[in-house]
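A look at the structure
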Amino acid sequence: MKLIEDIKKAEEKAEKLKQEAESQGQKLLDKEHENGEKEFTGLDNEKEKLLEENLVQAKKSSDKEIEKLQKEHEKDITKVKNSYKNNKNKSITKVQEIILKWPSSQ
């Protein structure tokens, strides 16, 4: 009879240990899940930070390129205006010469 009681006690103790182990295992799983969430959030924040830094760099680079293109455009516009002015003056001079010569040719 004592053996049966010892076996029952051992079974009860084993059941309690099993439940305790399951409880502790679940707690460990929950804790690791929380740690994983924190790490994921940290990585997500780091990703956002890197994206912002890359955007700033890209903006600086594009601003430099735009400025360079604007300067080139201004130079080209100046060349075109000067060329137009020179050609206009030459054309006026040529037309005046032709007009002056015209009556003398008749």
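Residues numbered from 1 in each chain as written. Predicted model: local features only at pLDDT ≥ 70, side-chain atom pairs only at ≥ 80, totals over all residues. Heavy atoms only, no water.

**Observations regarding the overall build of the chain**
- Summing up its helical and strand segments, the chain has one helix and zero strands in all.
- Referenced to the eigenvectors of the C-alpha coordinate spread, the extents of the chain come out at roughly 150 × 20 × 10 Å.
- When the 106 residues of the chain are sorted by exposure, 0% land in the buried category.
- For the chain, the computed accessible surface area is about 10,600 Å², with 57% contributed by carbon and sulfur atoms.
- One finds the centroid of the 24 positive side-chain charges in the chain at a distance of 15 Å from the centroid of its 24 negative side-chain charges. (Helix = DSSP H or I, 4+ residues; strand = E, 2+ residues; numbered from the N terminus. Buried < 20%, exposed > 50% of the residue type's maximum accessible area, 1.4 Å probe, protein only. Areas by Shrake-Rupley, 256 points an atom, 1.4 Å probe, with all protein chains shown as cover. Lys, Arg positive; Asp, Glu negative; His and termini not counted. Charge placed at Lys NZ, Arg CZ, Asp CG, Glu CD.)

**A closer look at the environment of W102**
- Note that W102 resides in helix α1 (residues 2–105).
- The spatial distance from the C-alpha of W102 to the C-alpha of L51 is 74 Å, given a sequence separation of 51 residues.

**Quick notes on the environment of V56**
- The topology assignment puts V56 in helix α1.
- In this structure, the C-alpha to C-alpha distance between V56 and I66, residues 10 residues apart in sequence, is 15 Å.

**Remarks on a negative patch on the surface**
- A surface patch of negative charge is lined by D44, E46, E48, E52 and E53.
- Residue position: E46 is located in helix α1.
- Relative accessible area serves as the criterion here: at 40%, E46 is assigned to the partly exposed category. (Patch = residues over 30% accessible without salt bridge, like charges linked within 9 Å, V, L, I, M, F, W, Y side chains within 5 Å. Salt bridge = Lys/Arg side-chain N within 4 Å of Asp/Glu carboxyl O.)

**Brief notes about the pattern of salt bridges**
- Applying the stated criterion across every chain yields a total of two salt bridges.
- Ionic pairing is found between D63 and K59, a salt bridge with its closest N-O pair at 3.1 Å. Here D63 pairs with K59, and both are found in helix α1, just four residues apart, close to one helical turn.
- Close ionic contact of E67 with K71 constitutes a salt bridge, the shortest N to O distance being 3.5 Å. With E67 and K71 both in helix α1 and four residues apart, this pair spans about one turn of that helix.

No statement about biological role is implied by the geometric values presented.
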